[in-house]
Each structure stands twice: as C-alpha cells, then as structure tokens.
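Report on the structure
The primary structure of each chain is shown beneath.
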Amino acid sequence: MDSVLAGFIRALRTAGAEASTAEGLDAARAMALVGYADRASLKSALSVSLAKSEEEKSIHDRVFDQYFAPPALARREPQTGDADLSPGRTGDPAVDALLDLAQGQDPADGMPPASAAQAGDPLRLAMAEAAHAVNVDSIRFASQSAYFARRMLEQLGIAPLEARLLARLGEESPSAQAEARMLAVARDNLQHHARALIAQRFELFGRPATDAFLADVAVHRAIGRMSPYDMERMKQVVARLAKRLAARHAHRRRIQLRGQLDLRRTLRANAGHDGVPVTLAFKHRRREKPRIVAVCDVSGSVAAHVRFLLLFLYALQGTVTDLRTFAFSNRLKDVAGPLESLPFDDAMELILREVGNGSTDYGQAWQDLHDRHWQTIDRRTTVLVLGDARSNGADPRLDLFSALAARAKRVVWLCPESASRWGSGDSCLLQYRPFCTHLSHCATAVDVERAIDEALEAYD
Amino acid sequence: MNPVHVPGGLASIDAVTESLASVGYIATRQISTAVYLAHHLRKPVLIEGPAGVGKTDLAVSAAKALGFALLRLQCYEGLDDSKALYEWKYGKQLLYTQILKEKIGLLVDDADTLQTAFSKLASFQDLFFSREFLEPRPLLQAMEQPAGSVLLIDEVDKSEESFEALLLEVLSDYQVTIPEIGTIRAQVPPLVILTSNNTRELGDALKRRCLHLHIGFPDADLERRVLRARVPDIADTLLHQLVSFVQGLRAGNIRKPPSIAESVDWARTLLLLHAPALDVALVRDTLNVLLKRETDIAEVQNSLGPLTRQALAASVRAND
C-alpha cells in the first residue's frame, strides 16, 4: 500500500472513523482501479470502501478534503521594502537556491497537489518534502509547531543562509546591511510557509488526537466539578458511550425454547411432506425489552449528575429501553413530556425551574410515586434512583420504599456522594440501602455508564 | 480464476453512469463508483438510506442495463437457509420412492443376504439426494447463473443476526456447500446488492465486508433529472415548481419527508390532472401523495401558502 493512502487511513482513524486493515486493502485495490487522476472518482471510491455509516461518511468527506488539499503556504503580506528585495545573489549556490525558494509566488489556490507539482511549483514541493522528512504528521499538540518549523527549516538547509546572515549583520557597510535585511526576510518567509503547512497538518492529525485525549480525561473527571466547556465536550462523549452501550445490549430478543414444539407452525411447515414432521418449529420466548423508571432528585447539589444520567438514558431510548422519568425535590413530577419534545438543554432548564426549587423530601416523593404512578412499576421494571438521600430530616418512608423494591425487578441507587459520607447528617442512604439491589457511588461519566450497563445487563 | 468477460456497461465509471441512464436510472458519481467497484473488486454493496430513494431500484436497473438475471431475496424475521439457500424437494422424493417401490423391490429381491440387499439399497441413496431433487433458492440460484447475475438482498435489516452470519459465508467466497452433493461455486460471481433501512444496526462484520453506499435525498438538480427521466411528459415550468416545492418541504420539520419515489408519484398525479402550474388548492388536494403521515400533513397545512409561493418564485428565477 502506498504511503499516501496509509497516511490518509491514519488521518481517518485519528478523526474517529474506524477503518480496518482489510478495508485499507480494499481501498488500495479500489485506488489502483480508479487512479489518482479524477478527484471526484477517487473521493467516492475511497468513501465507498472505507466509510461504513452515515457518520463515517461525513468524517471521511471532511478528512479527504483536508488531506488531499494542496500543501498550505502562508499568505504573503506586502511588507515595507519588500518590493526592492528582488532575489539578490550572494554567490553561494546553497543560499541562492533557498532565496529563490523563499521568493516563490503563491500559485492559484485550490490547485490539487499533483498539478502543483506538475506546474513545477518548487516551493510547495520543497516544503512538502521537508515536512515528510521530519515526519510532521506525528504532531500531537499545537505547542509542537515551533519545533517542527525549526526542523523543517533545517531540512531545507537553512544553516548556510543563517551563517551568512550572522556574518553580514556584523559588518558595517550599507551593502552588507542590505544583504542582511534580504536574508532575514527570506528566512522569515520560509518560516511562515513552514508554519502554515504545520498548522494544516495539525488540523488533520493533531487536533482530533488532542480532542480524544481531553475527552478521555473528562470522562474520569468528577461531574460536579466540570466547567461549562467540559460539559459541552461531554455531550459528544456521552453520545459515543451511549452508542457503545446500545450496541452491547441491542442483540436479538428471541430465545429458542429448546424442546418445546410449536405444534401449529410445525404442522404448517410440513403440510407439503404429507404431515411427516421433517422440519420442526420450536416455540420462542421474546426477551423483554429493558424498562427503566428513572427517579431523579433535582435539587441543587445533584442537578449536574441528573443532567448526565438523563443525557445517557435519552441517548439510549428507543433502541434499547422503555423509559419513564420522574423528577422531584419535594413533589414528584413526570418529566418525560418535555424531555421528549424539547431540545435537551431547554428541557433540563424547564425541569429545574419547575421541580427543582423545593426543599428535598424523599418521603413525599415516594408518596407521590405511590399515589400517581404506581402502575408504571411492575416486576419487569428497573428503578434507577439518582440522589444523595438527604431528606432534610423528613420521614424517609421506608415502608413505601420497601414496597417499591418488592414490586420492581431491581432498584439501582446512584449516589453522587462518596461512600464515607453516606449516612452522615441528614442522609438516609444507609436506611434505604437494604432495599436496593445495587448501590453505588457515581461521580464521573464512566460511573454513570457502568451503572446503566449493569441495569441493562439484568435483561440479557 | 477464469478471465471473466467484462460487460461494456462496467468498463469504466462513466460507462456505468451511461448504461444506468439508458434504462432511466440517474446515478450520482457515488452510485456509479460503487457499482463499478463492486464488479471489479468482487464485493457486495450495502446500500443504506431512507425509504424511496431508489435503493432497490438500483439493483433492478443494474440488472436491466447489464442484461443480467435479477435474483431477489426479500428478508424478513425468521428467514432461514431453507428459504435463502436451498431445500430438498421432499414431496418429489416421497413420490418417486412410491412409484419406484416395486422396481426397487425387484432389484432387491434377487439378493441372497441382507448384506447384499443393503449395499444395493445404499447405492440408490445418491439418487434421491441429487440435483434432481434440489430446490435452489435465490442465493444458490445466483451462484448458478452462467452469464452473471444481480443478486438483490432486500431489507437485510429485517432479518435476524443468524442470517447475517450465513450471508458472510456465502458472500465472501461466492460458494454454497451442500453436504449431500458438495460445494457449488459460482462460475461468474454475481453482483450483490444489499439494502437496509436501518431499522436495526447491522453487524460490524457484515458492514466491513461490503462496500458501503449511502443514498440520501437528492439535491434539486438531480431530482429534476430523475423526474425528467421518469416522467418525460412533464412541462418544464411545472417540473421546476414541483422540485423546489418538494425541496422546501424536506427542509421543514417533518417526520417522514417525501422521497424521490413520492416526487415521481406526485409528478404523475399532476400530469394526470393536467395542472399547468402549482397553486395552493391543488397542492392541498394532492398533498396525500407526498406525505404519508397524518401529523405531517397537519404540520404543513398552515405553511402551504408560503411554500407554494416560494416554489413559484424559484421557478421564475430559474427560467430567467
């Protein structure tokens, strides 16, 4: 496989579109058939063989346009005294070659690299070669660009030019000063071009890697201590995690009951065989779809966590779960309506405004759940409670909670507080604990994912 | 492998586009590239996209354009290998044993020992499990076409995961193994087209083995060309108005946007009604051709006026 295609596949993977080795080989064969000549054909051939979903298609198209763009050059701003600096001659051939390069004009933008090379654009070509030689594609952080720029200049052979520049700067004569100025401008030009090219490669290989790295850090950061910037980033991460969860739990829902013959279907299947049961049809049991009832405390201390849990659950909804959502601080309310009809952020705001202002009372919440929504909970339901169980001294109503636990399939409690603080002060968590199937501390996005994973596992 | 004759319609990407156009299928570059590569790389194409954008039609048109036989396998829950690969004609086997009973009796009669009778009988077994009694289903039929074929596996997302596993085996080697007979290998690998409406996520293994093509809603220019090919009698002005109306409709907040199949139906409807141009009353009366959901129709009732005016204005601009 040629290195251009290999680099492209690496850029694709960095950007988050998976491409396997086998697909890479397909792409190489497709490329051999289609050729480099026609950009549109090449693009669709690569897209057809490498990107295997709508999401991957859009990533592919973006990366293709970036990767197969002409090597970037800095836009030359007219500088004072630039006009009279026609490529001077210094007598040293190595330096002169560099001066010619630095003087190279921008060809028309948007020219594909192949034609730029054919047109004999030596500057782009030299820059691209230097970049390749110092492996600019391995860039990961923006702060590395100065280092790579320097390496590229060295690769281009900047040393004699700089030595000459240094020597001329030391001399007093006006001609030496003019030459020094010219050399300095040439060096700056080259440096700008190198920087521009590095910036382009960084967009391709560095930024997605940095983003992935930051996202990795963010999923392990405590939810309560996240900045709004992190929250925005987390939305995408949660969508990805949720997709993974959905894929894990969305397998087939039919289980064959071995040995139990479906007589009706067996007779029908063998009618053509004179009633001799050649093919047997067995009964199936449909695996039940996970049903989750989320009961969320939305008082101030827990609001950020609720946001996360709901973001997760609603990303899963439809594909794997039947979901009901209730929120409470003192009175419990069904909030599925706004969450399903409004954009997520608006819905959350509405919920926090309508429900989040009371003083927390868990006993009252169970009472409301019992009075108004008891029929939503049956032996197939997993009840997911998110809260710190700080009930401000009110009656925790353990009788109702134990009835709830007896009625539901499982009760999973997620607590944003760490285990050492359970039961301290007005927390009733230890009193609730005996009735919970599962109780866990839930501080980061990974914890939320794990808790939901466990809740869904009970249905597998 | 034998050198396979490449039909003229598959010589290049442009040739694919042209031959598809000759049977009335307007293909984008993506589509032609996929068909071209599918033939030359011997890989199945998986097509995804909303209903009614021409996924199934691509297979039908490709078969027509290339002069291949079309074999269609409609997937559904519970589809298994006896419906997809092959089945034994049990009834025929039974009938033949009944008819040949006496003949067999005669043959066995002169055997002295049970041993010889048994070995005589054993030699007949192959008779009843031979090609004579084999009922080939679409996958096997496609392998057996001597002159090449297009195999359409429609709505593969409706089948179960176990069927996907079966497909993997058939599609990677283009061969079917029948224990009683042996392995049947395709003389000419069929052009395989799978379609999916994405009702469930297909397995990664299947996706990775296929070329993947996503057909979305067409842009205005492509839609005009498709309509022109499918409804040749439609007047230019009406065509422009119709397309920009449908494009406007898709941009709105609609659960099930009209696809190209619905635009074609609407164009035919308008042609049948001899409508010279769009107007609000006409649109209101024929809206049920475009939109198939009660809630969608209710949703756009109020914006019909602006949408129609916009479409009229757009067509005037286009004609200038």
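Parameters and conventions
- Residues numbered from 1 in each chain as written.
- Chains lettered and ligands numbered in written order.
- Predicted model: local features only at pLDDT ≥ 70, side-chain atom pairs only at ≥ 80, totals over all residues.
- Heavy atoms only, no water.
- Helix = DSSP H or I, 4+ residues; strand = E, 2+ residues; numbered from the N terminus.
- Buried < 20%, exposed > 50% of the residue type's maximum accessible area, 1.4 Å probe, protein only.
- Areas by Shrake-Rupley, 256 points an atom, 1.4 Å probe, with all protein chains shown as cover.
- pLDDT = per-residue confidence, 0-100.
- Salt bridge = Lys/Arg side-chain N within 4 Å of Asp/Glu carboxyl O.
- Arc of directions from axis to C-beta.
- Contact = heavy atoms within 4.5 Å.
- Core = buried A, V, L, I, M, F, W, Y, C linked by side-chain atoms within 4.5 Å.
- Pairing = 2+ DSSP bridges.
- Buried area = accessible area lost by both parts, 1.4 Å probe.
- Axes fitted to C-alpha atoms, helices over the stretch in contact; angles between N-to-C directions.
- Parallel < 35°, antiparallel > 145°, perpendicular 65-115°, else oblique.
- Left-handed = near helix turned anticlockwise from the far one by under 90°.
- Nonpolar A, V, L, I, M, F, W, Y, C, P; charged D, E, K, R; others polar.
- Phe/Tyr/Trp six-rings, centres within 6.5 Å; stacked < 30°, edge-to-face > 60°.
- Disulfide = S-S within 2.5 Å.
- Patch = residues over 30% accessible without salt bridge, like charges linked within 9 Å, V, L, I, M, F, W, Y side chains within 5 Å.

**Focus on the overall build of chain A**
Along chain A, the regular secondary structure elements total 19 helices and eight strands. Split into buried and exposed, the 460 residues of chain A put 48% on the buried side. Carbon and sulfur atoms make up 53% of the accessible area of chain A, which totals about 22100 Å².

**Comments concerning the confidence of the model for chain B**
Residue and element names in this part refer to chain B. In this model, chain B carries an average pLDDT of 86, and 97% of its residues clear a pLDDT of 70 or more. Here helix 7 (residues 114-128) stands out as the element of chain B with the lowest mean pLDDT, 77, in contrast to strand 1 (residues 45-48), whose mean of 94 is the highest. Interface confidence for the predicted complex, given as ipTM, is 0.83, next to a pTM of 0.74.

**Regarding the pattern of salt bridges**
Using the criterion set out here, one finds 37 salt bridges over all chains in the structure. Among the salt bridges present, the one from Glu262 of chain B reaches Lys256 of chain B, with a minimum N-O distance of 4.0 Å. Residue Glu262 of chain B is classed as buried on the basis of its relative accessible area of 9%. Residue Lys256 of chain B is classed as partly exposed on the basis of its relative accessible area, which comes to 30%. Salt bridges here are not isolated pairs; linked through shared partners, they connect Glu23, Lys52 and Glu56 of chain A together with Asp204 and Arg208 of chain B.

**Some details on helix 17 (residues 398-407) of chain A**
Every buried residue of helix 17 of chain A is accounted for by Leu400, Phe401, Leu404 and Ala405 of chain A. The arc that holds every buried residue of helix 17 of chain A, seen down its axis, measures 140 degrees, which confines them to one face.

**Side note on the environment of Val295 of chain A**
Residues and elements named next belong to chain A. By the element assignment, Val295 lies in strand 3 (residues 291-297). When the C-alpha positions of Val295 and Ala327 are compared, they lie 5.8 Å apart, and in sequence the two are 32 residues distant. Beyond its immediate chain neighbours, meaning those up to four positions away, Val295 contacts Phe326, Phe328, Leu332, Trp366, Leu369, Val383, Leu384, Val385 and Leu386.

**Examining the nonpolar core**
One finds Met234, Leu309, Leu310, Leu313 and Ile452 of chain A to be the most contacted residues of the largest nonpolar core, which totals 49 residues. If you tally residues by element for this core, the top one is helix 13 (residues 303-316) of chain A, at nine residues. With 35 residues, the next largest nonpolar core counts Ala84, Ala142, Phe163 and Val176 of chain B among its residues.

**Notes on the pairing of strand 8 (residues 191-196) of chain B**
All names here are of chain B. Of all six residues making up strand 8, six are buried, and the element is well covered by its neighbours. Burial of strand 8 is two-sided: the residues Leu191, Ile193 and Thr195 facing one way and the residues Val192, Leu194 and Ser196 facing the other way are all buried. Where strand 1 lies against strand 8, four bridges are found, and the strand directions are parallel. If you follow Leu46 over to strand 8, its bridge partner there is Leu194. As paired strands, strand 5 (residues 149-154) and strand 8 are joined by four bridges and run parallel to one another. Counted as the bridge partner of Leu152 is Ile193 from strand 8.

**Examining the interface of chain B and chain A**
In this complex, chain B contributes 25 residues to the contact, which on the side of chain A involves 32 residues. Summing both partners gives a buried area of about 2300 Å² for chain B against chain A, and 56% of it is carried by carbon and sulfur. Counting across the interface, chain B meets chain A through four salt bridges. Of the charged contacts, one joins Glu56 of chain A and Arg208 of chain B as a salt bridge, the two residues approaching to 3.6 Å between their closest N and O atoms.

**With respect to the packing of helix 13 of chain A against helix 19 (residues 445-457) of chain A**
Residues and elements named next belong to chain A. One way to put it is that helix 13 packs onto helix 19 with a least axis distance of 10 Å and a crossing angle of 45 degrees. By the angle class used here, helix 13 and helix 19 are oblique. Like other packed secondary-structure pairs, helix 13 and helix 19 cross with a definite hand, here right-handed. Taking contact as the criterion, the partners of Phe308, Leu309, Phe312, Leu313 and Leu316 in helix 13 are, on helix 19, Ala445, Val448, Glu449, Ile452 and Leu456. Partitioning the contact of helix 13 with helix 19 into residue classes produces nine nonpolar, no polar and one charged.

**Digging into the sheet that holds strand 5 of chain B**
Residues and elements named next belong to chain B. In space, the five strands of this open sheet follow the order 2-5-8-1-9, with parallel pairing throughout. The strands lining the two open edges of the sheet, one partner per strand, are strand 2 (69-74) and strand 9 (211-214). On average, each strand axis in the sheet is inclined to that of its neighbour by 20 degrees, with strand direction left out of account. Two strands pair when backbone bridges link them, and strand 1 and strand 9 are joined in this way by four bridges, in the parallel orientation.

**What about helix 15 (residues 294-301) of chain B?**
It helps to recall that an α-helix has 3.6 residues per turn; residues three or four apart then point in one direction. Residue and element names in this part refer to chain B. The set of residues buried in helix 15 consists of Asp296, Ile297 and Val300. The buried residues of helix 15 occupy one face: seen down the axis, they fall within an arc of 100 degrees. Away from the buried face of helix 15 by more than 90 degrees, exposed residues Glu294 and Thr295 are located.

**A look at the sheet that holds strand 5 (residues 332-334) of chain A**
Residue and element names in this part refer to chain A. In spatial order, the strands read 5-4-3-6-7-8; together these six strands make up an open sheet with mixed pairing. Unpaired on one side and paired on the other, strand 5 and strand 8 (438-441) mark the two borders of the sheet. Taken pair by pair, the neighbouring strands of this sheet meet at an average axis angle of 20 degrees, ignoring direction.

**Things to note about the packing of aromatic side chains**
Applying the stated criterion across every chain yields a total of 22 aromatic pairs over all chains. Measuring from ring centre to ring centre gives 5.5 Å for Phe8 of chain A and Tyr67 of chain A, while their planes differ by 55 degrees; the resulting arrangement is tilted. Of the two residues, Phe8 of chain A sits in helix 1 (residues 3-14) while Tyr67 of chain A sits in helix 4 (residues 54-67), which places them 59 residues apart along the sequence. Accessibility classification places Phe8 of chain A together with Tyr67 of chain A in one group, the buried group. On the numbers, 5.2 Å between centres and 90 degrees between planes, the contact of Tyr96 of chain B with Phe133 of chain B is edge-to-face. Residue Tyr96 of chain B is located in helix 5 (residues 90-99), and its partner Phe133 of chain B is located in the loop between helix 7 and strand 4 (134-136); the two are separated by 37 residues in the primary sequence. Since its relative accessible area comes to 4%, Phe133 of chain B is described here as buried.

**Quick notes on the confidence of the model for chain A**
All names here are of chain A. Here chain A averages 80 in pLDDT, and 88% of its residues register 70 or above. Across residues 78-85, where pLDDT falls below 50, the model places six contacts with residues more than four positions away in sequence or in other chains. Counting contacts from residues 105-119, a segment whose pLDDT is below 50, to residues more than four positions away or on other chains yields 22 contacts.

**Observations concerning the state of the cysteines**
Scanning the model with the defined rule gives zero disulfides over all chains in all. Cys442 of chain A provides the cysteine sulfur closest to Cys296 of chain A, a residue in no disulfide bond, and the two sulfurs are 11 Å apart. Left unpaired, Cys75 of chain B is separated from the closest cysteine sulfur, that of Cys210 of chain B, by 12 Å.

**Points about the environment of Tyr36 of chain A**
Following the sequence through the fold, Tyr36 of chain A ends up in the loop between helix 2 (21-34) and helix 3 (39-50). Residue classification places Tyr36 of chain A among the partly exposed residues on the basis of a relative accessible area of 43%.

**Observations concerning the packing of helix 1 of chain A against helix 10 (residues 174-219) of chain A**
Residue and element names in this part refer to chain A. Helix 10 packs onto helix 1 with a crossing angle of 25 degrees between their chain directions and a minimal axis gap of 8 Å. Overall, the two elements helix 1 and helix 10 adopt an arrangement that is roughly parallel. Along this stretch, helix 1 crosses helix 10, giving a crossing that reads as left-handed. Within the contact between the two elements, helix 1 uses Gly7, Arg10, Ala11 and Thr14 and helix 10 uses Leu204, Phe205, Pro208 and Ala209. Looking at side-chain class alone, the contact of helix 1 with helix 10 contains five nonpolar, two polar and one charged residues.

**Looking at the side chain of Ser61 of chain B**
In this fold, Ser61 of chain B is placed in helix 3 (residues 55-66). The residues touching Ser61 of chain B, leaving out its near neighbours within four places in the chain, are Leu20, Val23, Tyr25 and Arg230 of chain B.

**Some details on a nonpolar patch on the surface**
The grouping of Phe141, Phe213, Leu214 and Val217 of chain A at the surface amounts to a nonpolar patch, some 320 Å² of accessible area in total. You can see Val217 of chain A is positioned in helix 10.

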